[in-house]
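# Summary of structural features
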Amino acid sequence: MEIETITVEGKTSSGYYFTTGVNLDPAVHGSVPYNVKLERMNEDDDGIKKISAFSWQAMTSIVRVKMRYPNSAYMITKLDARQFNTTPTRGYLMRGLKVKIPNNYNPVTREYSGAWDGNFHGSLQWTDNPAWIFYDLATNDRYGLGQYLQPGMVDRWALYTIAQYCDGEVDDGYGGTEPRFTCSMYLQTASEALNVLRDLASAFRSIMYWRYAYLVVDQDTPDTPVAQFTPANVVDGMFEYTGTAKHTRYTVALVTWLNPDNYYEAEVEYVEDPVGISLYGIKELSMTAVGCTSRGQANRMGKYALLTSRLETDAISFSSGLEGMNVAPGNIVKIVDPLKNQSDEHVGGRVMGITTTSATLDREVTLDFAETYTITLVGTDGVPVSRAVTNGAGTITPPTAITWSSALSLAPDLNTVWTLTKDSESEVLYKITSVKEPDKGSDSFYQLTGVRHDEDKYPLADTPDPLQGPTLPSVPAPGSQPVQNLTLDLGVVARPEGLVRFIDASWTPPVLDANNQFFTGYYLIQIEWPDGSTETYQTYDANYRLYNVDLGTYVFTVWAVSQFDQVKSPPAFASVTVEELTDLDLVEVTGL
């Protein structure tokens, strides 16, 4: 079936390409597939001056349908191509995906109303709280782990506590306050899901691990011990201690973050620990603050890393029986080791008799005069509970009991672990980093490792160094050194619609001296047209072309803007008058 006949006439010294469209209607031309044939109707030419050869270059099938862009956000920008030498680089400020958040949470004010019942808002909401972003990535079945994890397999209650800690107001370094942790992530490429979740967890000082069919997230925050260990409940009564390597005791942190005042370009925040430098010298730690768009938050994360490196240098390992079963990575435990600490300050063992207000210990203890003591017992729920001792000074020998005034709700079990600590002495705390369970059917024990835990680091880490805007010693002071050599040239270009006139503006960057250039990020050009109206343009090149100019005088004002987007150079001015074209303007003479 013949669809269309095309006639091509004319003369050319090179190949002539043309495109034609053919509309195929299934009601008229039948159903797909179609066999398309292109046939030349005239005969071949005889002479060498006329050639009618042709070839078929390509065929494209065009399907005219209305397209949807599900799960996408798109932006349409209309630009005048005459004003740009190349397609300009564009940036967009987006809030990103909406996620599930608790039904008692206001993501704008960051306030929580009453107790949470475990349910989420009826509609998705936007938030930059990293805890709920983590939950979304862990449970979403399109772009997260939702195909493998059911929502009930992620500990939402732990995330709720973490989210509240993230929303806590802390010093921003500029005299104000801001949330402790926020996250603005733009995931552009597919990556291993667990790696993405680990990186995201690091954004709010957390670790993640799999335990008892749950994905658990634990955040490094001030916390109370969940268990206590003494020689009485440790295998062979022995703790093993090691110290962190000296080369890992960092004193300077280089934290990469995204600066919203510089189009979210990556910048490095320099943080130092003066005490650490005096002890160990300069030891740099390079780290990335994932999703961080706050300089104050980047500074705090650097301080936290340096304080942890300096204050928590002791590591511990030991084996325990069933007491180790309820301890998980990230938990805080109390350690009482007479071999490492003075035995008269940290004492522990197992109780031989117990009531809600007294306990008979398994050994003799001596209470010093002018000291107060606290006894800590492991309750029936496995959680340590402490009470102030009411006994007077002196030696207490069993069966004499240690007493306290505030009764326990339930008496702990016999043989439960006890510790006795002077109130003038700090507790020795460790954060558990790993728990190895015994093999099934074996007589082995739980093997625990941990690092020294120092809660003094938290208030220090929440207070960033006083921050100021970037210092630019090479930026000229206001009133000095605009861009140099600003010139305006007139030109004409032939286009299908006729002759088009333009103005070429060019300049050189501002300089301080012969060897030191202004650190230019881009240029601003303001153009005043003959009718008095003005337009402002931006370019990264030291030149700009304005097309379709009319008759009259044009005034160009050019500023260089520093790469930090903080300072503009003084303006440079130039003007040019566009007059009527003469025949001489269109003559080009060559070969003289």
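The structure contained in this document is the topic of the report that follows. This is a predicted model, so every value here is computed, not measured.

Before going further, it helps to examine the overall build of the protein chain. A count of helical and extended segments in the protein chain gives seven helices and 32 strands. Going through the 592 residues of the protein chain one by one, you find that 38% of them count as buried. Expressed as a percentage of contacts within the protein chain between residues at least 6 apart in sequence, the contacts between residues at least 24 apart total 67%. Accessible surface, the protein chain as shown: approximately 35,700 Å² in total, 51% of it carbon and sulfur.

The next point concerns the pattern of salt bridges. For the structure shown, the criterion picks out 15 salt bridges. Of the charged contacts in the structure, one is a salt bridge between Arg110 and Asp167, with a shortest N-O distance of 3.0 Å. With Arg110 in the loop between β1 (105-106) and β2 (111-112) and Asp167 in the loop between α3 (156-166) and β3 (169-171), the pair connects residues that are 57 residues apart, well separated along the chain. Exposure class is identical for Arg110 and Asp167. Each is buried. Among the ionic pairs, Asp465 bridges to Lys303, the shortest N-O distance being 3.8 Å. With Asp465 in the loop between α7 (457-461) and β24 (484-495) and Lys303 in helix α6 (residues 295-311), this pair connects stretches of sequence that are 162 residues apart.

Tallied over the entire structure, the rule returns 18 aromatic pairs. Aromatic side chains Phe239 and Tyr241 sit 6.5 Å apart centroid to centroid with 40 degrees between the ring planes, which places their arrangement in the tilted category. With a relative accessible area of 8%, Phe239 lands in the buried category. Three or more aromatic residues joined by ring pairs make a cluster, and in this case those are Tyr105, Tyr112, Trp116, Phe120, Trp132, Tyr135, Trp157 and Tyr160. Residue placement shows Arg95 over the ring face of Trp126; its charged tip is 4.4 Å from the ring centre. It is Arg205 that lies over the ring of Tyr304; its NZ or CZ is 4.6 Å from the centre.

Another point: the sheet that holds strand β9 (residues 252-259). Spatially, β10-β9-β11 is the arrangement adopted by the three strands of the open sheet, whose pairing is mixed. Among the strands making up the open sheet, the edge pair consists of β10 (265-272) and β11 (284-288). Between one strand axis and the next, the sheet turns by 25 degrees as a mean value, whatever way the strands run. When β9 meets β11, the two strands line up parallel, connected through five bridges.

The strands that make up a sheet are held in pairs by hydrogen bonds between backbone atoms, and each pair lies either parallel or antiparallel. Spatially, four strands are ordered β29-β28-β31-β32 in an open sheet, and the strand pairing comes out antiparallel. Looking along the sheet, the strands with just one partner apiece sit at the ends: β29 (534-539) and β32 (572-578). Shown here is a sheet whose adjacent strand axes are inclined to one another by a mean of 20 degrees, direction ignored. Of the pairings in the sheet, the one linking strand β28 (residues 520-528) to β29 comprises six bridges and is antiparallel in character.

Reading the values: rules and limits
- Residues numbered from 1 in each chain as written.
- Predicted model: local features only at pLDDT ≥ 70, side-chain atom pairs only at ≥ 80, totals over all residues.
- Heavy atoms only, no water.
- Helix = DSSP H or I, 4+ residues; strand = E, 2+ residues; numbered from the N terminus.
- Buried < 20%, exposed > 50% of the residue type's maximum accessible area, 1.4 Å probe, protein only.
- Contact = heavy atoms within 4.5 Å.
- Areas by Shrake-Rupley, 256 points an atom, 1.4 Å probe, with all protein chains shown as cover.
- Salt bridge = Lys/Arg side-chain N within 4 Å of Asp/Glu carboxyl O.
- Phe/Tyr/Trp six-rings, centres within 6.5 Å; stacked < 30°, edge-to-face > 60°.
- Lys NZ or Arg CZ within 6 Å of the ring centre and 35° of its normal.
- Pairing = 2+ DSSP bridges.
- Axes fitted to C-alpha atoms, helices over the stretch in contact; angles between N-to-C directions.

The values are spatial; any link to function lies outside them.
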